[in-house]
Amino acid sequence: MIKGNPAGAVEYLKNGKIIAYPTETVFGIGCDPYQEHVVERIFHLKNRPPTKKFILISSSYDQLEEVIDTKKITDEVLNSWPGPNTWLVPPNTKLPKWLISEENGLIAVRVSEHNAVKEICEKFGKPIISTSANLYKSENLKNYKDVENIFSEKIDYLVIGDTGKYKNPSIIRNMLTGEIVRK
């Protein structure tokens, strides 16, 4: 595992590698969402069922325009960003099926307010996969040293930095139903 700054993570993303990085809530694990084999690697390293799809995190709403159906996004969603609010929304029809929930046909998206995430996504030019840096159903990690201890052999690049002020992972809500999926 190589350790460095957000700018250094971008080349790893472009080359089909897995990165870990701080967010406003917990440390995240991510990759280029359009490289299916790397997305599958994250499912395996977390021991996560492939039916539990990942969040796409971005630096701005503009970056999400290629992955969501912008005509259906509500003001409530738009007004909740940037920040620790993840929404299940209708996807763009061009989005690869491995990113869309088979259960409800939606995709989870978020616009981050964390400087490291914003820098990574801006320099990468698109959203990235974001899932908590932990094994499935294990405690979320808020410290890069813990991420290094658990994933040193499985993650290619670790962004050194601090997580934000929030104690829990982002809230996940279904835009269509208003249901809170995760508090």
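Residues numbered from 1 in each chain as written. Predicted model: local features only at pLDDT ≥ 70, side-chain atom pairs only at ≥ 80, totals over all residues. Heavy atoms only, no water.

Asks: Which residues make up the state of the cysteines, and what values do they have?
Replies: Two cysteines, two sulfur atoms, one covalent bond between them: this is a disulfide. Applying the stated criterion across every chain yields a total of zero disulfides. This cysteine, Cys31, is not joined by any disulfide, and Cys121 carries the nearest cysteine sulfur, 12 Å off. Judged by relative accessible area, Cys121 falls into the buried class, the value being 0%. (Disulfide = S-S within 2.5 Å. Buried < 20%, exposed > 50% of the residue type's maximum accessible area, 1.4 Å probe, protein only.)

Asks: Account for the nonpolar core, with residues named and values stated.
Replies: Membership of the largest hydrophobic core comes to 34 residues, with the highest contact counts inside it found for Ile29, Ile68, Val89, Ile107, Val109, Ile129 and Val147. Only strand S3 (27-30), helix H2 (36-46), strand S5 (85-89), strand S6 (107-111) and helix H6 (144-151) provide two or more residues apiece to this core. Once residues lying within four places of it in the same chain are set aside, the contact partners of Ile68 are Tyr61, Ile73, Val89, Pro90, Pro91, Asn92, Ile107 and Val109. (Core = buried A, V, L, I, M, F, W, Y, C linked by side-chain atoms within 4.5 Å. Helix = DSSP H or I, 4+ residues; strand = E, 2+ residues; numbered from the N terminus. Contact = heavy atoms within 4.5 Å.)

Asks: Just give me the short version of the pattern of salt bridges, but keep the residues and values in it.
Replies: In this structure the tally under the stated criterion is nine salt bridges. Taking the shortest distance from any N to any O, the salt bridge between Glu24 and Arg110 comes out at 3.0 Å. You can see Glu24 sitting in the loop between strand S2 (19-22) and S3 and its partner Arg110 sitting in strand S6, a full 86 residues away along the chain. In this structure Glu24 comes out as buried when scored by relative accessible area, which is 2%. You can call Arg110 buried: its relative accessible area is 3%. Note that Asp32 and Lys126 form a salt bridge whose closest N and O atoms lie 3.4 Å from each other. Highlighted residues: Asp32 in the loop between S3 and H2 and Lys126 in the loop between helix H5 (115-124) and strand S7 (128-132), separated in sequence by 94 residues. (Salt bridge = Lys/Arg side-chain N within 4 Å of Asp/Glu carboxyl O.)

Asks: If you had to explain the side chain of Asn174 to someone new, which residues and values would you point to?
Replies: Examined against the element boundaries, Asn174 turns out to sit in strand S9 (residues 171-174). Classification of Asn174 as buried rests on a relative accessible area of 7%. Among the polar contacts made by the side chain of Asn174, one reaches the main-chain amide nitrogen of Leu176 at a distance of 2.8 Å. Not counting residues up to four positions away in its chain, the partners in contact with Asn174 are Trp87, Leu88, Asn104, Leu106, Glu179 and Val181. (Polar contact = N/O pair within 3.5 Å; in protein donor to acceptor, adjacent residues only side chain to side chain.)

Asks: So what's going on with the pairing of S2? Which residues, and what values?
Replies: Residues Ile19 and Tyr21 line one face of S2 and the alternating positions Ala20 and Pro22 line the opposite face, and both faces are buried. Across four bridges, the pairing between S2 and S3 is antiparallel. Directly across from Ala20, in S3, lies its bridge partner Ile29. Where S2 lies against strand S8 (residues 157-159), two bridges are found, and the strand directions are parallel. (Pairing = 2+ DSSP bridges.)

Asks: Residues and numbers for the side chain of Thr25, please.
Replies: Relative to the elements of secondary structure, Thr25 occurs in the loop between S2 and S3. Excluding residues that lie within four positions of it along the chain, Thr25 makes contacts with Pro84, Lys142, Thr163, Gly164, Tyr166, Asn168, Pro169 and Ser170.

Asks: How would you summarise the packing of helix H1 (residues 6-14) against H5 if you had to cite specific residues and measurements?
Replies: Each pair of packed helices can be described by the angle between their axes along with the distance between the axes. For the pair H1 and H5, interaxial distance at closest approach is 9 Å and the crossing angle is 45 degrees. What the angle tells us is that H1 and H5 run oblique. As for the relative orientation of H1 and H5, their crossing is right-handed in sense. Along the contact surface, H1 presents Pro6, Ala7, Ala9, Val10, Leu13 and Lys14, while H5 presents Ala116, Glu119, Ile120, Lys123 and Phe124. Taken together, the residues that form the contact of H1 with H5 break down as eight nonpolar, no polar and three charged. (Axes fitted to C-alpha atoms, helices over the stretch in contact; angles between N-to-C directions. Parallel < 35°, antiparallel > 145°, perpendicular 65-115°, else oblique. Left-handed = near helix turned anticlockwise from the far one by under 90°. Nonpolar A, V, L, I, M, F, W, Y, C, P; charged D, E, K, R; others polar.)

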